[in-house]
Amino acid sequence: MSVFTEETRERAREIIARYPADRSRSALLPLLHLVQSEEGYVSPAGVEFCAEVLGLNKAQVGAVATFYTMYKRKPTGDYLVSVCTNTMCNVLGGQEVYDTLAEHLGVGHDETTADGKITLEHAECLAACDYGPVMTVNYDFFDNVDPQGALGVVEELRAGGRPMPTRGARLCTLKEMAVQLAGFADERDAAVADGGPGEPTLRGLRLAEQHGISVPGFDPNTPIRSKAEADKAAAEAKARAEAAKPAPAAEPVRPAAATGSTAPDVKAPDDKSPQIRTAETRQPDAGTAVADAPGTKVPTDTTAPAPRDAQAAESAGAAANPPAGDGKPAGDEAGAQQRNLKEAEAGAGANGAGPAVASETGVQK
Ligand code: FES
């Protein structure tokens, strides 16, 4: 009997439905997280399950599952403690943190404590170098850790506590995290109510603000939303977009002089491209030619391009760029023809045969 419940199968169907019908194998990565959420690792049964629901063979699934380090190949503890020992963290003490934890827990890389609580691993850059040394617990960050701080975190975990990460959402178990990585929301109450970006993360933003650069509508203090809040916001945004849709185009208003109307003249809509407007702003006097700075010239030709027959254009392009077929880049027509002619001549000389045909470009001798 399969270790995977009907609920898991339902979730698998939901994951597969996210992808086009003829691209279902793209669902493999989230499906591997899904099976990992059941057993804490990608077991042979998990590989078989993925192969079955996607119509792949087990070797294909296994090749993917063994490529990525986030898919565990043996049972893993409730908490995966990853310590960055890459260059930046290392010079700041990352290796010392790792060594201290390894000695204290009595485990090495990719090993789990006897109580099944903690799996330790060293990691190659956790993408938080500005907070080094860093460690993560089930991919949630503990920044600027030192050996004593790291020991405190693992001891609290072993005692059943859930220490607060420095930023991001609240800690969950590795199986719970695998559900999220499979693309399902964390439904715990206030699961994402805490945390936010730290100052080092916002340093670039602050500098940009000081220099008058901003992104409209961006607020770094925006809290992470729960799924219900996100769904509500998406529905509201959709309703706003519907309401803001332009009404059907009205008849253009003709200038008063042409119509004989006494109504005030209505300015014709400005349909110029941003580039044209920029060029006009920079050179308001069109009669005075001002040289553009090198590399800054803005095209001002507004003549609409002549309509093209796309199919004919494509055929012409293909004819001008025959496939080289000899490992040389396509498009080297003259070179390819010369090479093929030489090959054809050599072939004819060697065989004493009649006219040779150069196969790659259709060139005949
Ligand atoms: S080197 Fe440690 S997070 Fe990048």
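As a reminder, the structure under discussion sits directly above these lines.
Throughout what follows, the structure given in this document is the object of discussion. Note that the structure is a prediction, hence the values are computed from the model and not measured. (Residues numbered from 1 in each chain as written. Predicted model: local features only at pLDDT ≥ 70, side-chain atom pairs only at ≥ 80, totals over all residues. Heavy atoms only, no water.)

### Considering the sheet that holds strand β5 (residues 140-142)
For clarity, the threshold we go by: Only when DSSP finds a minimum of two bridges between them are two strands counted as paired. Per the convention used, a helix needs a DSSP run of H or I reaching at least four residues, while a strand needs a run of E reaching at least two, with both numbered from the N terminus.
Across the sheet, five strands lie side by side as β2-β3-β1-β4-β5; this open sheet has mixed pairing. The open sheet has two edge strands with one neighbour each: β2 (111-112) and β5. Across two bridges, β2 lies against strand β3 (residues 118-123) in antiparallel orientation. If you follow Thr 112 over to β3, its bridge partner there is Thr 119.

### Quick word on the nonpolar core
Soluble globular proteins tend to bury their nonpolar side chains together. Here is the rule: Grouping buried Ala, Val, Leu, Ile, Met, Phe, Trp, Tyr and Cys residues that are joined through side-chain atoms within 4.5 Å yields what is termed a nonpolar core. Buried, partly exposed and exposed residues are distinguished by accessible area as a fraction of the type maximum, computed with a 1.4 Å probe on protein chains only: under 20%, between the cut-offs, and over 50%, respectively. Only heavy atoms matter for contacts: two residues are in contact if any of them lie within 4.5 Å across the pair.
One finds Leu 31, Leu 32 and Val 61 to be the most contacted residues of the largest nonpolar core, which totals 23 residues. Looking at this core, the elements that each hand over two or more residues are α1 (6-16), α2 (28-39), α3 (44-54) and α4 (58-65). With residues up to four places along the chain from it excluded, the contact list for Leu 31 reads Ala 12, Ile 15, Ile 16, Cys 50, Val 53 and Leu 54. Core analysis: the second largest hydrophobic core is formed by 21 residues, Leu 120, Met 135, Val 154 and Leu 171 among them.

### Points about the packing of α2 against helix α8 (residues 174-181)
Packed helices, taken two at a time, are described by their axes: the angle between them and the distance between them. Under the convention used in this document: Fitted lines through C-alpha atoms give the axes, limited to the stretch in contact for helices. The angle between two N-to-C directions lies from 0 to 180 degrees. For this classification, under 35 degrees means roughly parallel, over 145 means roughly antiparallel, 65 to 115 means roughly perpendicular, and everything else is oblique. Whether a crossing is left-handed or right-handed is set by the direction in which the near helix is turned from the far one by less than a right angle, anticlockwise for left-handed and clockwise for right-handed. Residue classes follow a fixed rule: Ala, Val, Leu, Ile, Met, Phe, Trp, Tyr, Cys and Pro count as nonpolar, while Asp, Glu, Lys and Arg count as charged, and any other residue, Gly among them, counts as polar.
Remark: α2 packs on α8, axes separated minimally by 8 Å, with the N-to-C direction vectors making an angle of 160°. Taken together, the axes of α2 and α8 lie roughly antiparallel to each other. Between α2 and α8 the crossing geometry is left-handed. Together, His 33, Gln 36, Ser 37, Glu 38 and Glu 39 of α2 and Lys 175, Ala 178, Val 179 and Leu 181 of α8 make up the contact between the two elements. Class assignment for the residues of the contact of α2 with α8 results in three nonpolar, three polar and three charged.

### Notes on the side chain of Ser 37
Tracing the chain through its elements places Ser 37 in helix α2. Taking relative accessible area as the criterion, Ser 37 reaches 12% and is therefore assigned buried. Apart from the residues lying within four places of it in its own chain, the contact partners of Ser 37 are Lys 175, Ala 178 and Val 179.

### Details of a nonpolar patch on the surface
Put simply, the test is: Each patch groups residues whose relative accessible area exceeds 30% and which form no salt bridge, using 9 Å between like charges and 5 Å between nonpolar side chains of Val, Leu, Ile, Met, Phe, Trp and Tyr. Note on areas: Shrake-Rupley with a 1.4 Å probe; residue coverage comes only from the protein chains shown. A pair is scored as a salt bridge if a Lys or Arg side-chain nitrogen falls within 4 Å of a carboxyl oxygen belonging to Asp or Glu.
Residues Leu 29, Phe 67 and Tyr 68 make up a contiguous nonpolar surface patch of roughly 320 Å² in combined accessible area. Assignment of secondary structure puts Phe 67 in the loop between α4 and β1 (79-84).

### Some details on the pairing of β1
The buried fraction of β1 amounts to six of the six residues, a majority that puts the element mostly inside the structure. Alternating residues of β1 divide into Tyr 79, Val 81 and Val 83 and Leu 80, Ser 82 and Cys 84, and every residue in both groups is buried. The pairing of β1 with β3 spans six bridges and is parallel. Of the residues in β3, the one forming a bridge with Val 83 is His 122. Where β1 meets strand β4 (residues 135-137), three bridges bridge the pair, whose relative direction is antiparallel. When the bridges of β4 are listed, Ser 82 appears paired with Thr 136.

### Points about the packing of α2 against α4
One can describe the packing of α2 onto α4 by two numbers: an axis separation of 11 Å at closest approach and a directional angle of 80°. The angle between α2 and α4 places the two elements in the roughly perpendicular class. In contact with Leu 28, Leu 29 and Leu 32 of α2, α4 contributes Val 61, Val 64 and Ala 65. Of the residues that constitute the contact of α2 with α4, the class distribution is six nonpolar, no polar and no charged.

### A short note on helix α7 (residues 147-158)
Filter applied, for reference: Every helix has an expected span of 1.5 Å times one less than the residues it contains. The arc under discussion is defined with respect to the helix axis, by the directions toward the C-beta atoms.
Taking 1.5 Å per residue as the helical rise, α7 with its twelve residues ought to reach 16 Å, and the 17 Å between its terminal C-alpha atoms agrees with that figure. Restricting attention to buried positions, one finds in α7 the residues Pro 147, Ala 150, Leu 151, Val 153, Val 154 and Leu 157. Considered in projection along α7, the buried side chains sweep an arc of 160° and stay on one side of the axis. Looking at the buried positions of α7, the neighbouring elements they touch are β1, α6 (94-105), β3, β4 and β5. Once α7 ends, the next one or two residues include Gly 160, with phi positive near 95°.

### So, the packing of aromatic side chains
To keep it simple, the criterion reads: Working definition: rings of Phe, Tyr and Trp (its six-membered ring) pair if their centres are within 6.5 Å, and the pair is stacked with planes under 30 degrees apart, edge-to-face with planes over 60 apart, and tilted otherwise. Here, a charge over a ring is recorded when the distance from Lys NZ or Arg CZ to the ring centre is within 6 Å and its angle to the ring normal is within 35 degrees.
On inspection of all chains with the given rule, the structure shows three aromatic pairs. Between the aromatic rings of Phe 67 and Tyr 68, the centroid separation amounts to 4.9 Å while the plane-to-plane angle is 80°, which identifies the pairing as edge-to-face. For Phe 67, a relative accessible area of 62% translates into the label exposed. You can call Tyr 68 partly exposed: its relative accessible area is 39%. Note on Tyr 68 and Tyr 71: the rings are 6.1 Å apart at their centroids and 85° apart in plane angle, and the pair reads as edge-to-face. Taken together through their ring pairs, the aromatic side chains of Phe 67, Tyr 68 and Tyr 71 make up a single cluster. A cation over a ring is seen here: Arg 18 above Phe 184, with NZ or CZ 5.1 Å from the ring centre. Stacked on the ring of Tyr 131, the Lys or Arg Arg 167 has its end atom at 4.0 Å from the ring centre.

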